Amino acid sequence: MKYRKKGIKKEHHIIEDGEELLQELIKKGLVKSVIPGRIKTTPKGQPGNPRLTFQYETNSGAKLLLKKGSTVQEVFVITSDTQKLKEYLEKKFPKN
């Protein structure tokens, strides 16, 4: 497809250091394709490590949030096993 590169749609930007996390999901076979969405930032940006959180299931997969500090990006993924993806993310990025 026109904007795809290694399973990630490249039409929109991705939060810094977040692409590696998304590529990891593809390499592990948890997702087939990634579609990054809008990025929301706050005026007082804060540093932090990138992390992914599961939001909800969609018809073709799931909606995730990619967060780094106070910046948040919606990410839609195509997957056939949303439960396995959810369990992986909860284990890798536990809530504090």
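Our subject is the structure that appears above.
Residues numbered from 1 in each chain as written. Predicted model: local features only at pLDDT ≥ 70, side-chain atom pairs only at ≥ 80, totals over all residues. Heavy atoms only, no water.

A. A look at the overall build of the protein chain. Per the secondary structure count, the protein chain includes 2 helices and 6 strands. In sequence order, the protein chain lays out its α and β elements as β-β-α-β-β-β-β-α. Counting only residues that meet the buried cut, the protein chain has 40% of its 96 residues in that class. Counting only carbon and sulfur atoms, one obtains 48% of the accessible surface of the protein chain, whose full area is about 6,500 Å². (Helix = DSSP H or I, 4+ residues; strand = E, 2+ residues; numbered from the N terminus. Buried < 20%, exposed > 50% of the residue type's maximum accessible area, 1.4 Å probe, protein only. Areas by Shrake-Rupley, 256 points an atom, 1.4 Å probe, with all protein chains shown as cover.)

B. Local environment of the environment of Thr82. In this fold, Thr82 is placed in helix α2 (residues 82–92). Residue classification places Thr82 among the buried positions, given a relative accessible area of 12%. With 51 residues separating them along the chain, Thr82 and Val31 place their C-alpha atoms 8.7 Å apart. Among all residues touching Thr82, those that are not within four sequence positions of it are Phe54, Glu57, Gly61 and Ala62. (Contact = heavy atoms within 4.5 Å.)

C. Quick look at α2. For α2, the set of buried residues is Thr82, Leu85, Tyr88 and Leu89. Along α2, the residues classed as buried sweep out an arc of 125° about the axis, all on the same side. Considering only its buried residues, α2 is in contact with α1 (18–27), β4 (51–57), β5 (61–68) and β6 (71–78). (Arc of directions from axis to C-beta.)

D. Spatial organisation of unusual backbone geometry. Unlike most non-glycine residues, Asp17 shows phi in positive territory, near 70°. Mapped onto the fold, Asp17 is located in the loop between β2 (8–9) and α1.

E. Representation of the pairing of β5 in the model. Most of β5 is tucked away: 7 of the 8 residues are buried. Pairing between β4 and β5: 6 bridges, direction antiparallel. Its bridge partner lying in β5, Tyr56 is registered against Lys63. Counting the residues between successive antiparallel strands, the hairpin from β5 to β6 contains 2 residues, one of them, Gly69, with a positive phi of roughly 65°. (Pairing = 2+ DSSP bridges.)

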